[in-house]
Amino acid sequence: MPSRAPGQDGPLSGTRVLVTRSPERSAALVQALAGAGATPVLLPLIDFERAPDQHALDVACDALAAGAFDWLVVSSATTVHVLMEKAAERGLELARLVPPATRIGAIGPATRRILESQGLAVELTPAGEQSAAGFLDAWTGGGRVLLPQADIAAATLADGLRKSSDVTAVTAYRTVDFPAAADRRLAMQPEDGGAGQATASYTLLTPEAAAAEITAGQISAVVAASPSAVRRIAALSPLGGCRLVAIGRSTAEQAAALDLPVAAVAEEPTPDGLVAAVVIALTPP
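To start, this report covers the structure provided alongside it. (Residues numbered from 1 in each chain as written. Predicted model: local features only at pLDDT ≥ 70, side-chain atom pairs only at ≥ 80, totals over all residues. Heavy atoms only, no water.)

### Description of the side chain of T251
Stage number 1. With respect to the element layout, T251 can be found in helix α10 (residues 249–257).
Stage number 2. Overall, T251 belongs to the buried group, its relative accessible area being 1%.
Stage number 3. With residues near it in sequence (within four places) discarded, T251 still touches A224, A225, S226, P227, V230 and A246. (Helix = DSSP H or I, 4+ residues; strand = E, 2+ residues; numbered from the N terminus. Buried < 20%, exposed > 50% of the residue type's maximum accessible area, 1.4 Å probe, protein only. Contact = heavy atoms within 4.5 Å.)

### Some details on the side chain of E213
Stage number 1. Here E213 lies in helix α8 (residues 207–215).
Stage number 2. A distance of 2.7 Å separates the side chain of E213 from the side chain of R16, its partner in a polar contact.
Stage number 3. Excluding its chain neighbours within four sequence positions, the residues that come into contact with E213 are R16, L205, Q218 and I219. (Polar contact = N/O pair within 3.5 Å; in protein donor to acceptor, adjacent residues only side chain to side chain.)

### Quick look at empty space enclosed by the protein
Stage number 1. Summed over all chains, the structure comprises 1 cavity of 30 Å³ or more.
Stage number 2. Roughly 40 Å³ of internal volume is contained in the largest cavity.
Stage number 3. Surrounding the largest cavity, R50, A51, Q54, L57, V82, E85, K86, A172 and L186 form its lining.
Stage number 4. At the level of secondary structure, the elements contributing two or more residues to the lining of the largest cavity comprise α2 (54–65) and α3 (77–89).
Stage number 5. Counting residues per element, the lining of the largest cavity draws most heavily on α3, at 3 residues.
Stage number 6. Split by residue class, the lining of the largest cavity holds 5 nonpolar, 1 polar and 3 charged. (1 Å grid on protein atoms, 1.4 Å probe; cavity = no way out; pocket = protein on both sides within 12 Å on 5 of 7 lines; lining within 4 Å. Points joined across faces, edges and corners; volume = space filled by probe spheres on them. Nonpolar A, V, L, I, M, F, W, Y, C, P; charged D, E, K, R; others polar.)

On their own, these measurements won't tell you what the molecule is for.
Structure, rendered in structure tokens:
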């Protein structure tokens, strides 16, 4: 989708779209929305802190480096940042923390992209739906598996892997309300908005300002990129004419559980996939 300034001709021209992620994790989506003509507005709702039990995580990482696992299964880009931080603590690049013989599975294109940017080959990803269920459909089983996850991760992936494999699940990070405590906040590298391209401009809102703009009908759509974001978006309701767009099935299911109508679900959990879903959500029937 070609880049253009907000407000110019495009399928989302004249709309304001709320993105509920922090600026460093939103660059590519902000740019894609602006390229479609939208005016992106940001309301960071969630943030990430280091896991309280660093000893368990360190033991798992040392075992990983020693070749104790046949598989490393990574379900989020945030987990990759944790592993990069743990590698750095040991004076290593991530590609040196993961032995060549350890096979890697990943969920989501962003997760795969950052792993590959660190020099790691990803052997297994879901063929279709980028979710725990999609990964388990592709999983052939066997071996010793390291599964670092968020503290609020559903048991679906770990339980499914345990049916055929020896799984070590460890908490990699905590999901908290934005902003995280400065001394515990997980360092995140800014997303690449595109090689050689400047990040589109955006407006940063407070929850109170976002709720007021939604009530006034000034925001056309809100993008939820995780179930935890949906739970916090519920505090902004009623959404009225603001259409909720979900990044995937689990996010849409969380919205349904909270009685939040979902206008569209992205076919792919990518910036372009989310923009396409926003277009669908705002297209009159």
